[in-house]
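Geometric and topological summary
Here is what each chain is made of, one letter per residue.
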Amino acid sequence: MSSEWRSKGFCYGDDYFDDVDMLPSHEPAKSFTAQSMCKGCPVFKECAIETIRLRDVGVVKAGKALGYGNKALSQYNELRVELGLPTVRVSDKFNPDLWPRDCRHCDRSMRPKGQQEMLWPNTIEARSHDLCMECHNRAEKSA
Ligand code: SF4
Ligand SMILES: [Zn+2]
């Protein structure tokens, strides 16, 4: 994918975006600052798609002060909603919204069962709430 769009972003050449620790440490000032920094950026959409695809953490991107771990995962989901990507329907009583998530066995990043890879780049389809297709099938075969 071409990344020519980057030079059109407000953040181009601005180190202030590179580290969320430069932002106010408390919420909601932190989120608000990140939001204001990207507000009106002409390449917001491209940036949001890339953020989800690369799973960026710890930087300001697409109007978010991206955190780590579960925090980042829910921020990617917020971006998915902003982009109008299909919302995820999964029956998982623990964490209904946290996708992508890791396969318990191979640690690969999984997308919800039945979803297309196009919408969840670089993921493998889940078979159950914590196992990917492949690991699930392998487990069945060896049973
Ligand atoms: S949305 Fe924000 S992080 Fe993304 S390109 Fe624009 S200014 Fe940079
Ligand atoms: Zn697996």
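The rules behind each value
Residues numbered from 1 in each chain as written. Chains lettered and ligands numbered in written order. Predicted model: local features only at pLDDT ≥ 70, side-chain atom pairs only at ≥ 80, totals over all residues. pLDDT = per-residue confidence, 0-100. Contact = placed C-beta atoms within 7 Å. Near = placed C-beta within 6 Å. Helix = DSSP H or I, 4+ residues; strand = E, 2+ residues; numbered from the N terminus. Nonpolar A, V, L, I, M, F, W, Y, C, P; charged D, E, K, R; others polar. Axes fitted to C-alpha atoms, helices over the stretch in contact; angles between N-to-C directions. Left-handed = near helix turned anticlockwise from the far one by under 90°. Pairing = 2+ DSSP bridges. Core = buried A, V, L, I, M, F, W, Y, C linked by C-beta atoms within 7 Å. Buried ≥ 20, exposed ≤ 12 C-beta atoms within 10 Å, placed from the backbone. Expected span 1.5 Å × (residues − 1). Arc of directions from axis to C-beta.

Here we come to the confidence of the model for the chain. A residue-level look at the chain finds 90% of positions with pLDDT of 70 or above and a mean pLDDT of 85. pLDDT under 50 marks residues 89-94. Its contacts with residues more than four places away, or in other chains, come to three contacts.

Around ligand 1 lies a shell of 13 residues, among which Gly 9, Cys 11, Cys 38, Cys 41 and Cys 47 are the nearest. Looking at the shell around ligand 1, the elements that each hand over two or more residues are α2 (44-54) and β1 (60-61). When grouped by side-chain class, the residues that make up the shell around ligand 1 number 10 nonpolar, two polar and one charged.

Another point: unusual backbone geometry. With omega at 5 degrees, the peptide bond leading from Glu 27 into Pro 28 counts as cis. Among the secondary structure elements, Pro 28 is positioned in the segment before α1 (29-38). In the Ramachandran plot, Asp 107 falls in the positive-phi region, its phi being about 70 degrees despite a non-glycine side chain. Note that Asp 107 resides in the loop between β3 (101-102) and β4 (109-111).

This next bit is on the packing of α2 against helix α3 (residues 69-83). Relative to each other, α2 and α3 sit at 140 degrees, their axes nearing to 10 Å. Crossing of α2 over α3 shows left-handed handedness. In this structure, α2 contributes Lys 45, Ala 48, Ile 49, Thr 51 and Ile 52 to the contact, and α3 contributes Tyr 76, Leu 79, Arg 80, Glu 82 and Leu 83. Residue classes in the contact of α2 with α3 are distributed as six nonpolar, one polar and three charged.

Read across the sheet, three strands follow the order β3-β4-β5 without closing on themselves; strand pairing throughout is mixed. The sheet is open, and its two borders are formed by β3 and β5 (124-125), each paired with just one other strand. Direction of pairing for β3 relative to β4: antiparallel, over a ladder of two bridges. Bridge pairing links Asp 102 to Ser 109 in β4.

This paragraph deals with the environment of Arg 104. Of note, Arg 104 is situated in the loop between β3 and β4. When the C-alpha atoms of Arg 104 and Asp 130 are compared, they prove to be 5.5 Å apart, with 26 residues separating the residues in sequence. Excluding its chain neighbours within four sequence positions, the residues that come into contact with Arg 104 are Asp 130 and Leu 131.

Once that is clear, we can look at the nonpolar core. Core analysis: the largest hydrophobic core is formed by 15 residues, its most contacted members being Phe 44, Cys 47, Ala 48, Val 60, Ala 62, Ala 65 and Leu 79. Among the elements of the structure, α1, α2 and α3 are those that each provide at least two residues to this core. What Phe 44 contacts, discounting residues up to four positions off in sequence, is Cys 38 and Ala 62.

End to end, α3 covers 21 Å across 15 residues, agreeing with the expected 21 Å (1.5 Å per residue, within 8%). Residues of α3 that are buried include every one of Gln 75, Tyr 76, Leu 79 and Arg 80, and no others. One side of α3 carries all its buried residues, which in axial view fall inside an arc of 150 degrees. Among the exposed residues of α3, those pointing more than 90 degrees away from its buried face are Asn 70, Lys 71 and Val 81. Looking at the buried positions of α3, the neighbouring elements they touch are α2 and β2 (64-65).

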